[in-house]
Every structure is written in C-alpha cells, then in structure tokens.
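Now for the letters of each chain:
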Amino acid sequence: LSIETILPQYLPAFLSNLTASPYFNRLIGPVRPPMEADLVEIFASIMAGTLLLCSDGSYCPHAGNGSHAWVFSTATGQILLQGAGPIDCQSNQLSSYRPELGGITSLLYILMTLTKTGDITTGHVTLYCDNKSALENVFDSTPKRGIYPLLAVDYDLLILAKDLLRALPIKVSWAWVKGHYSGDNREIQHDL
C-alpha cells in the first residue's frame, strides 16, 4: 500500500464511517484524524498481523463516573491512532468493569470501521487489556443457553463487543496484561 493510493479514497471514508453512528461516536470519544502515513501503516499492520490494540478503563466511585482510553500501535510501540471516551451509565450501577468493556468495544468498532474502509478481508491483530474478566467474556465463543446471557453484567456493551468480534473478517487474539506494571520485565504492552 502506498500513501498515494490510500489517501484519496480511504482517509475521508474512514473518518466519515467512524463518526456515522451517534452511539459509537460518543463511546469512542473525540478522535484526531490519523496522519496519512499512520493510516497506511494501520492497514499494512493488520494484513501483516502485527497491529497491537490496547484499552484501559478508569472508574471513580466517589464521583460515579468512568471513562476509557484506547490505542492502535505498531509492534514496536509507535502509536498510530488513539483516543478516550466516556462511559454512560447510572452512577449507582457503574463499576470498574464497564469502562474496561467500553474500551474493548471501542477498539472492535474502530477495527471494524478500518477493515470495511480498507476492504481488508484477511489479517490479524492482538488486543491487550488489564481486565481479564472483560476479555474472557468478550472472547468466550461458547454460546450460553437460556436467559443467563441476558443477565450478564453490562450486557449492552458485552453483546455489542461480541457482535463486532463475530463480524470482523480478520482474526483478533487477546492477551491480558498486568495493569500498573512496575517490574523489571517491562514490555510494549505494559507501556501501551
């Protein structure tokens, strides 16, 4: 892929598609348009299987609000796209889990927009998050029976994330990463 072939058709389409849904537009938060070279790198990294995605959630029980942040990065840690968004919920129902799930859902939505815009049908990315429960719930491919799935915590975001994951034409692997890591064996995913 070259910048000359990507820019005229893909950059405006990506930005338009990304903000087309008011719901997802609010969830992902304000997004600074990527540099032209970064969009090319994102597409190439998806197809090469080296793109890294990471999200983290934040929750303040005293204020009753939450937010999340997300990044798209090269395998060497160069940030290509990033943002942060709010988590909407009644404050008495909010926990630290919902912002984590919101970050994962945001990443999957943006990834879906990228693959559709770039007409990408093969590739691989790795998604990092420090909430193992949220990761396991989103990536659990065993369908649950009966009414129990509807009783899952934060079902609205969970079902959106699962639907997006299922619809993606590429493989998405997940990995739990220790949050607030301060050990000697620091890796790119800790920095992300």
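Up top is the structure these notes are about.
This write-up is about the structure you can find in this document.

## Examining the pattern of salt bridges
Then, in step 1: Applying the stated criterion across every chain yields a total of four salt bridges.
Then, in step 2: The closest approach of N and O atoms between Asp 154 and Arg 98, which form a salt bridge, is 3.0 Å. Of this pair, Asp 154 sits in the loop between α5 (132-139) and α6 (155-167) while Arg 98 sits in helix α4 (residues 97-117), placing them 56 residues apart in sequence. The pair formed by Asp 154 and Arg 98 is uniform in burial state, with each residue classed as buried.
Then, in step 3: Connected through shared salt-bridge partners, Arg 98, Asp 154 and Asp 156 make up one network.

## Some words on the packing of α4 against α6
Then, in step 1: Their axes nearest at 9 Å, the elements α4 and α6 cross at an angle of 30°. Regarding the angle of α4 to α6, the classification is roughly parallel. Note that α4 runs across α6; the crossing there is left-handed. Contact residues: Arg 98, Leu 101, Gly 102, Thr 105, Leu 108, Tyr 109 and Met 112 in α4; Asp 156, Leu 157, Leu 158, Leu 160, Ala 161, Leu 164, Leu 165 and Ala 167 in α6.
Then, in step 2: Split into classes, the residues belonging to the contact of α4 with α6 amount to eleven nonpolar, two polar and two charged.

## Some details on the sheet that holds strand β3 (residues 79-87)
Then, in step 1: Ordered in space as β3-β2-β1-β4-β5, the five strands form an open sheet in which the pairing is mixed. Each edge of the open sheet carries a strand with a single partner, namely β3 and β5 (171-176). Neighbour-to-neighbour, the strand axes of this sheet turn through a mean angle of 20°, independent of strand direction.
Then, in step 2: Note: strand β1 (residues 51-60) against strand β4 (residues 124-129), five bridges, orientation parallel. Directly across from Leu 52, in β4, lies its bridge partner Thr 126.
Then, in step 3: Along the sheet face, helix α3 (residues 36-48) touches β1, β3 and β4 and points at about 90° away from the line of β3.
Then, in step 4: Sheet strands touched by α4: β1, β2 (65-73), β3, β4 and β5. Its angle to β2, the strand with the most contacts, is close to 40°.

## A short note on the pairing of β4
Then, in step 1: Counting buried positions over the six residues of β4 gives five, a clear majority of the element.
Then, in step 2: Where β4 and β5 come together, six bridges link them in parallel fashion. Looking at the pairing, Thr 126 lines up with Ser 173 of β5.

## Describing the nonpolar core
Then, in step 1: Judged by nonpolar contacts, the single largest core of 45 residues is most densely connected at Phe 72, Leu 108 and Ile 110.
Then, in step 2: Once residues within four sequence positions are removed from consideration, Leu 108 is found in contact with Leu 127, Val 138, Ala 161, Leu 164, Leu 165, Leu 168 and Val 172.
Then, in step 3: Membership of the second largest hydrophobic core comes to five residues, among which are Cys 54, Val 71, Tyr 128 and Val 177.

Reading the values: rules and limits
Each residue is numbered by its place in its chain's sequence as written, counting from 1. Local features in this predicted model are restricted to residues whose pLDDT is 70 or higher, and side-chain atom pairs enter the listing and the counts only when it is 80 or higher, whereas totals over whole chains, interfaces and linings include all residues. Hydrogens are left out, water is left out, and the side-chain values use all remaining heavy atoms of the structure. By definition here, a salt bridge exists when the distance from a side-chain nitrogen of Lys or Arg to a carboxyl oxygen of Asp or Glu is within 4 Å. Only runs of H or I of at least four residues qualify as helices and only runs of E of at least two qualify as strands under DSSP, and these elements are numbered from the N terminus. Each residue gets one of three labels from its accessible area relative to the maximum for its type: buried under 20%, exposed over 50%, partly exposed in between, using a 1.4 Å probe on protein chains only. Between N-to-C directions, angles span 0 to 180 degrees; the directions come from axes that are lines fitted to C-alpha atoms, helices contributing only their stretch in contact. Geometric relationships in this document are graded by angle, where less than 35 degrees denotes roughly parallel, more than 145 denotes roughly antiparallel, 65 to 115 denotes roughly perpendicular, and other angles denote oblique. Handedness of each helix crossing follows the sense of rotation of the near helix against the far helix: counterclockwise by less than a right angle gives left-handed, clockwise gives right-handed. In what follows, residue pairs with any heavy atoms lying within 4.5 Å of each other are defined as contacts. Classification convention: Asp, Glu, Lys, Arg as charged; Ala, Val, Leu, Ile, Met, Phe, Trp, Tyr, Cys, Pro as nonpolar; all other residues, Gly among them, as polar. At least two bridges found by DSSP between two strands are what make those strands a pair. By nonpolar core is meant a set of buried Ala, Val, Leu, Ile, Met, Phe, Trp, Tyr and Cys residues that side-chain atoms within 4.5 Å join together.

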